[in-house]
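# Chains, contacts and geometry: an overview
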Amino acid sequence: MTTKTMPTPTDLLTSRGDAGLTRRPRRLRRSESIRSLVRETVVTAEDLIYPLFVVPNSRPRVEIKSMPGVYQNRVAEAVEECKRAADAGVRAVLLFGLPEYKDAIGSSSWDPTGPVQSAIEAIKRAVPEMTVMADVCLCEYTDHGHCGVIVDHGGIKDVDNDQTLALLAKQALSFAAAGADFVAPSDMMDGRIGAIRRALDERSLTDVGIMAYSAKYASGFYGPFREAAESAPRFGDRRTYQMDPGNVREALREIELDVDEGADMIMVKPALSYLDVIRAAREAFELPVAAYNVSGEYAMVKAAAERGWIDGPRVTAEILTSIKRAGADLIITYHAVEFLSGR
Ligand SMILES: [Zn+2]
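The following refers to the structure shown. Worth saying up front: this structure is predicted, and the values here are computed from it rather than measured. (Residues numbered from 1 in each chain as written. Predicted model: local features only at pLDDT ≥ 70, side-chain atom pairs only at ≥ 80, totals over all residues. Heavy atoms only, no water.)

Helix and strand content of the protein: twelve helices and twelve strands. Evaluated residue by residue, the protein yields a buried proportion of 51% over its 343 residues. Partitioning the intrachain contacts of the protein with sequence separation of at least 6 by distance along the chain shows that 74% fall at a separation of at least 24. Element-wise, carbon and sulfur atoms account for 52% of the exposed surface of the protein, whose accessible area totals about 16,800 Å². Side-chain charges of the protein comprise 42 positive and 49 negative groups, with the mean position of each set lying 9 Å from the other. (Helix = DSSP H or I, 4+ residues; strand = E, 2+ residues; numbered from the N terminus. Buried < 20%, exposed > 50% of the residue type's maximum accessible area, 1.4 Å probe, protein only. Contact = heavy atoms within 4.5 Å. Areas by Shrake-Rupley, 256 points an atom, 1.4 Å probe, with all protein chains shown as cover. Lys, Arg positive; Asp, Glu negative; His and termini not counted. Charge placed at Lys NZ, Arg CZ, Asp CG, Glu CD.)

With that settled, consider helix α11 (residues 312-326). The terminal C-alpha atoms of α11 lie 21 Å apart, and with 15 residues this matches the ideal 21 Å at 1.5 Å per residue to within 8%. Taken together, the buried positions of α11 are Gly312, Thr316, Ile319, Leu320, Ser322, Ile323 and Ala326. All buried residues of α11 project into a common sector of 155° when viewed along the axis, lining one side. Looking at α11, the residues exposed on the side facing more than 90 degrees away from the buried face are Pro313, Arg314, Glu318 and Arg325. Positive phi appears at Gly327, one or two residues downstream of α11, with a value of about 130°. (Expected span 1.5 Å × (residues − 1). Arc of directions from axis to C-beta.)

Right, let's talk about the nonpolar core for a bit. Ranked by internal contacts, the top residues of the largest apolar core, which has 82 residues, are Leu95, Ile120, Phe175, Val183 and Ile278. No other element matches the nine residues that helix α5 (residues 161-178) contributes to this core. Contacts of Leu95, omitting those with residues within four sequence positions, involve Leu52, Val54, Val116, Ala119, Ile120, Ile123, Val132, Met133, Ala134 and Asp135. Core analysis: the second largest hydrophobic core is formed by 28 residues, Val55, Leu98, Tyr213 and Val294 among them. (Core = buried A, V, L, I, M, F, W, Y, C linked by side-chain atoms within 4.5 Å.)

With an omega of -10°, the peptide bond between Lys269 and Pro270 qualifies as cis. A positive phi angle, near 70°, is found at Met188, a position not held by glycine. Positionally, Met188 belongs in the loop between β8 (182-185) and α6 (192-202). What makes Met188 buried here is its relative accessible area of 4%. Although it is not a glycine, Ser204 adopts a positive phi angle of roughly 60°. For Ser204, the position within the fold is in the loop between α6 and β9 (209-216).

Taken as a whole and judged by the stated rule, the model has 19 salt bridges. In this structure, Arg59 and Glu230 form a salt bridge, with 2.7 Å as the shortest nitrogen-oxygen distance. Here Arg59, found in the loop between β1 (48-54) and β2 (62-63), pairs with Glu230, found in the loop between α7 (223-229) and α8 (249-261); they are 171 residues apart in sequence, far enough to count as distant. Residue classification places Arg59 among the partly exposed residues on the basis of a relative accessible area of 23%. Between Arg279 and Glu283 there is a salt bridge; the shortest N-O distance is 3.5 Å. In this pair, Arg279 and Glu283 both sit in helix α9 (residues 275-284), four residues apart, roughly one turn of the helix. The exposure class assigned to Glu283 is exposed, which follows from its relative accessible area of 60%. Each of Glu32, Arg35 and Arg39 takes part in salt bridges that share partners, so that together they form one network. (Salt bridge = Lys/Arg side-chain N within 4 Å of Asp/Glu carboxyl O.)

As for its position among the elements, Tyr292 is in strand β11 (residues 289-293). Ignoring anything within four residues of it in the chain, the contact list for Tyr292 reads Pro51, Leu94, Phe96, Tyr213, Met267, Val268, Lys269, Pro270, Ala271, Glu297, Ile332 and Tyr334.

For the rest of this paragraph, the subject is a positive patch on the surface. Side chains of Arg24, Arg26, Arg27 and Arg29 sit close together on the surface and give a patch of like positive charge. Tracing the sequence through the fold places Arg29 in the loop between α1 (9-14) and α2 (32-38). (Patch = residues over 30% accessible without salt bridge, like charges linked within 9 Å, V, L, I, M, F, W, Y side chains within 5 Å.)

Before going further, it helps to examine a nonpolar patch on the surface. Where nonpolar side chains cluster on the molecular surface, the patch consists of Leu28, Leu37 and Val38 and spans about 300 Å² of accessible area. By secondary structure assignment, the location of Val38 is in helix α2.

Below, the discussion takes up empty space enclosed by the protein. Summed over all chains, the structure comprises two cavities of 30 Å³ or more. Lining the largest cavity are 14 residues, with Cys139, Lys216, Phe225, Arg238 and Lys269 sitting closest to its centre. Split by residue class, the lining of the largest cavity holds five nonpolar, three polar and six charged. As for the second largest cavity, its lining consists of Tyr50, Pro51, Leu52, Phe53, Arg61, Gly69, Val70, Tyr71, Asn73, Glu81 and Tyr334. (1 Å grid on protein atoms, 1.4 Å probe; cavity = no way out; pocket = protein on both sides within 12 Å on 5 of 7 lines; lining within 4 Å. Points joined across faces, edges and corners; volume = space filled by probe spheres on them. Nonpolar A, V, L, I, M, F, W, Y, C, P; charged D, E, K, R; others polar.)

This is the structure in structure tokens:
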């Protein structure tokens, strides 16, 4: 029988294990409680903005094929969806409208009885604590699907910047008059933030804020949104006004202009392929930075999860965490309610 000698306190102090390591980062990963104590980034309900699509009451509620779990809602259903979101902890929604009719200048977008205006009023009545933001753009409301007025420059059709500004301001005023807390211009015309700010202030709507889609890229990740918002351009693409995916310095210039013109929050869109842009915006500016986790990013997760190729909720949590870790204060995401409900 061998006698086992107990280690003395001095032995324990000098023992460094087999590898002789003095630093062992794994100590901070030993259990979920330790990991949660040292976690640097946690996505909370207050970080999330939930986008909603609103259709006229004459249309049925339809699930968007490429975005399972996301619907085109009538006003009453949008209100129900807001209640569900509020119960999950969501503090803000971002509304997109699909109008009754479309024309060349998107005039249905400033109809005071339009789907977005009606939804703003109804949500504010039913869920007063919900912050209501309204997307401002013409592409959902124009028959050509572009974000502004089309002009013909010697056979080349393009969106006219300055003619579009007045229409965007008109739309923004209409949403503000309906009770929107924020208007969120997504068109990428030069000077729109200033034009909208002046229009709001002239009508004493000084409390209505502007969340500017400042760095919005011409992206392939918007595909499913165009089905959801029925806003695909009939000809050409949006590369003459949305940003080139290769540019980050230009994003900072765009943001700077929006800040100077009076934006209250700035945004980078899409999020996942532009995490470096989010980081650069966070470092260069003091205003809250929002990032849009867009339809294509949502659809990829849903499609792969449906096939059992990835764990959907786990990947969603990882994506949202990465966007916040990159520097976003706010994340606009279709995952908002399911993410918060699943925690
Ligand atoms: Zn648009």
